[in-house]
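Coordinates in review
Residue-level listing of the chains:
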Amino acid sequence: MAADLLSPAPATTAGEAAMANAIRALAMDAIQRANSGHPGMPLGMADVATVLFNRFLRIDPANPDWPDRDRFVLSAGHGSMLQYAIHHLLGYADMGIEQLRNFRQLGSTTPGHPEYGHTLGVETTTGPLGQGLATAVGMAIGQKLEAARFGAELSAHRTYVIAGDGCLEEGISQEAIDLAGRLRLDRLIVLWDDNEISIDGPISLSSRTDQLARFAASGWDVMAVDGHDTEAVAAALTRAQEARNPVLIACKTVIGKGAPSVEGSEKAHGAPLGDDGIAQAREAMGWPHPPFEIPAEIYAAWHAIAQRGARMRRAWIDRALATPVGEHLLDAHGARDVSPAVAALTAFRAEHLAARTKVATRKASQMALEVINAATGLTIGGSADLTHSNLTVTSGMHAVGPGDFAGRYIHYGIREHGMAAAMNGIALHGPFIPYGGTFLSFADYARGAMRLSALMAVGVIYVMTHDSIGLGEDGPTHQPIEHLAMLRATPNLAVFRPADIVETAEAWELALEQRDRPSVLVLSRQNLPLLRDPQHGAANASARGAYVLRACEGERDITLIATGSEVEIAVTAAEMLAADGIAAAVVSMPSWDRFEVQDAAYRAHVLGTAPRIAIEAAARMGWDRWIGEDGAFIGMTGFGASAPAGDLYEHFGITAAHAAQTARDLLAGRNSD
């Protein structure tokens, strides 16, 4: 087998200076034309990036999604023109020169920060600093999981990251590097743009951290090189290939390298160089070519990288197709078939509907996971140190660890943000479906990565338990109030708050089937009765977001709408009202976002025309859409308190008696009008 099919070898290194200057020229010209962007990092890291792509990276721009490609993550996403310039030079189909001319313009493939799914070859959306690095940790975990299942011969790729000082200063970076060091992710290599500059000025204004010591303390191998000495960079990357731990290479660079007007200054970071600055840069670099013009020999040198990658991809495909395991790997990446798990959940729902099972929805989730994890090997579980509270582990699961990735459970530690970002990386890597647990109140910690889950449309599943004042004595620090409103306000994020074991299983079924959006399962600590009537049949009622759980004889007088643990309160209130001759229908609304996309006729059928009362042990925000101007809300108006759950529900008036009296008052007021 030819050597370059296993490890890259550059066609030439003699022209790397010109190859790097082509990046610089395209970056400064595109930013100038847009009158917007960040030239400092592309100019400063052009030498490092050229060595990485020319001598090490295994990619095929013509087929950017082949499973065993190396992953490249530009964590310092503000320097996006570095990546776009390289993609143009390599010949990516969506990166013609016009796209560089349209940098940061509407409809271009060159947005301000790299966006997954928008631009070919972009492995993850970056821009919020630290997210790329933390997501790359998940990709490196994905590679280890894949190699353990399909063999190192078929999963031999590495994950490379270019990160800046901002990425390392963000708190998520510590969560990520500690996890990576613990798991000894030896195929993860981070190239740190160590230019000692931030937007405000020298890094010394705000930090004195010895980053090499910090990474070493977290279990990384560390090196330091001159980022403009291509042979030193190449030597460090060569050593990194043999490492037994993740690797940080500190590349000492000059921000804005090659642009005398701003070189080494914070002025290079976030503004175009200007016509005079670009003219000076062209002279300093010996680059006489007009804007957006690249000599043929430089294109040829970059195209040789793409040609090498194409040969490597074809050789890998041949190896994969030659074995059943390889064919299975290709199928897993292509299909992500969850139909066995969905079928198992259908039977599970029928079983517990008949048994009238009463459990907390967090326990119902674990019971559903038992059948899911038995039916598919794609799910990878975990928790942020709350395994036995979130109930995210199932029988037969064992944890992954250094040198052992055959397991399916990840102990993320007390790192909610790092967990969420790592799950993004695992999902992006494929073919796995990651789910991870924490308390709903700690969605605040995970928020940055959860937003990127939604923005990237990746099928991560968040299991968030202890969803209300129903958690009781832990008090207001742990009792989520505003969190449901925050999650529901996030575009492309599916939020489920199930009322019983059947709705919980339905939520899991929907979450597994959704490949183009993340899901959040919001689950109770306290036990809840099974409320679903067999008359609803076997169909997944939660799929439509809301449904009439309890109808009434004749015309409705009032409609009670609730989610989660408060659906039981609504049912009890309806029974109390029925004793008074008041016809109350109960609507269970486990998923707002699914209900809002139903047709108008279905929504009208569910909501009815009678006055409406919403019941939810959370903030009111958003509920007025469903209850209307004449409706009422029973829930939280401030933070909770520390006490047993039953006492708290009484104290805050979230009870069946209060709901029934509110209905009577609402009807009395309407009748008096």
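Since the structure is predicted, the reported quantities are computational estimates derived from the model, not experimental observations. (Residues numbered from 1 in each chain as written. Predicted model: local features only at pLDDT ≥ 70, side-chain atom pairs only at ≥ 80, totals over all residues. Heavy atoms only, no water.)

**Remarks on the overall build of the protein**
A tally of regular secondary structure across the protein gives 25 helices and 20 strands. In terms of C-alpha radius of gyration, the protein reaches 28 Å, essentially the compact-globule figure of 26 Å for 673 residues. Overall size of the protein, expressed as C-alpha extent along the three principal axes, is 90 × 55 × 45 Å. For the protein, with 673 residues in total, the buried portion stands at 62%. Expressed as a percentage of contacts within the protein between residues at least 6 apart in sequence, the contacts between residues at least 24 apart total 78%. When the accessible area of the protein is evaluated, it comes to approximately 24,200 Å², of which 51% is carbon and sulfur surface. (Helix = DSSP H or I, 4+ residues; strand = E, 2+ residues; numbered from the N terminus. Rg over C-alpha atoms; globule rule 2.2 N^0.38 Å. Buried < 20%, exposed > 50% of the residue type's maximum accessible area, 1.4 Å probe, protein only. Contact = heavy atoms within 4.5 Å. Areas by Shrake-Rupley, 256 points an atom, 1.4 Å probe, with all protein chains shown as cover.)

**Considering the environment of leucine 493**
Position of leucine 493 relative to the elements: it lies in the loop between helix H18 (483–488) and strand S13 (494–496). The exposure class assigned to leucine 493 is buried, which follows from its relative accessible area of 3%. Put simply, leucine 493 and glycine 646 are 153 residues apart on the chain and 31 Å apart in space, counted from C-alpha to C-alpha. Excluding residues that lie within four positions of it along the chain, leucine 493 makes contacts with Ala454, Leu487, Arg517, Pro518, Val520 and Asp593.

**Considering helix H9 (residues 230–240)**
Turning to H9, its buried residues number three or more, namely Val233, Ala234, Ala236, Leu237 and Ala240. One face of H9 carries all of its buried residues, which in axial projection span an arc of 160°. Tucked inside the fold, the buried residues of H9 contact helix H2 (40–55), strand S2 (159–164), strand S3 (188–194), strand S6 (221–226) and strand S7 (247–252). Looking at where H9 begins, the residue whose side-chain oxygen comes 3.2 Å from the main-chain nitrogen of glutamate 231 is aspartate 229. (Arc of directions from axis to C-beta. Polar contact = N/O pair within 3.5 Å; in protein donor to acceptor, adjacent residues only side chain to side chain.)

**Digging into the pairing of strand S17 (residues 558–562)**
Within S17, 5 of the 5 residues are buried, which leaves it mostly tucked inside the rest of the structure. Here 5 bridges tie S17 to strand S18 (residues 584–588), and the two strands are oriented parallel to one another. Bridge assignment links threonine 559 to a residue of S18, and that residue is alanine 585. Handedness of the β-α-β unit built from S17, helix H20 (residues 566–579) and S18 comes out right-handed. (Pairing = 2+ DSSP bridges. Right-handed = clockwise from strand over helix to strand, strands pointing away.)

**Let's talk about a negative patch on the surface**
A grouping of Glu473, Asp474, Asp647 and Glu650 is seen on the molecular surface, where their side chains present a negatively charged patch. As for its placement among the helices and strands, glutamate 473 is situated in the loop between strand S12 (461–465) and H18. (Patch = residues over 30% accessible without salt bridge, like charges linked within 9 Å, V, L, I, M, F, W, Y side chains within 5 Å. Salt bridge = Lys/Arg side-chain N within 4 Å of Asp/Glu carboxyl O. Lys, Arg positive; Asp, Glu negative; His and termini not counted. Charge placed at Lys NZ, Arg CZ, Asp CG, Glu CD.)

**Overview of the environment of glutamate 266**
Tracing the backbone through its elements, the reader meets glutamate 266 in the loop between S7 and helix H10 (274–285). When its relative accessible area of 32% is taken as the criterion, glutamate 266 is described as partly exposed. A sequence separation of 387 residues divides glutamate 266 from glycine 653, and the C-alpha atoms of the two residues are 56 Å apart. With sequence-adjacent residues up to four places away left out, glutamate 266 is seen in contact with Ile197, Ser198, Ile199 and Gly201.

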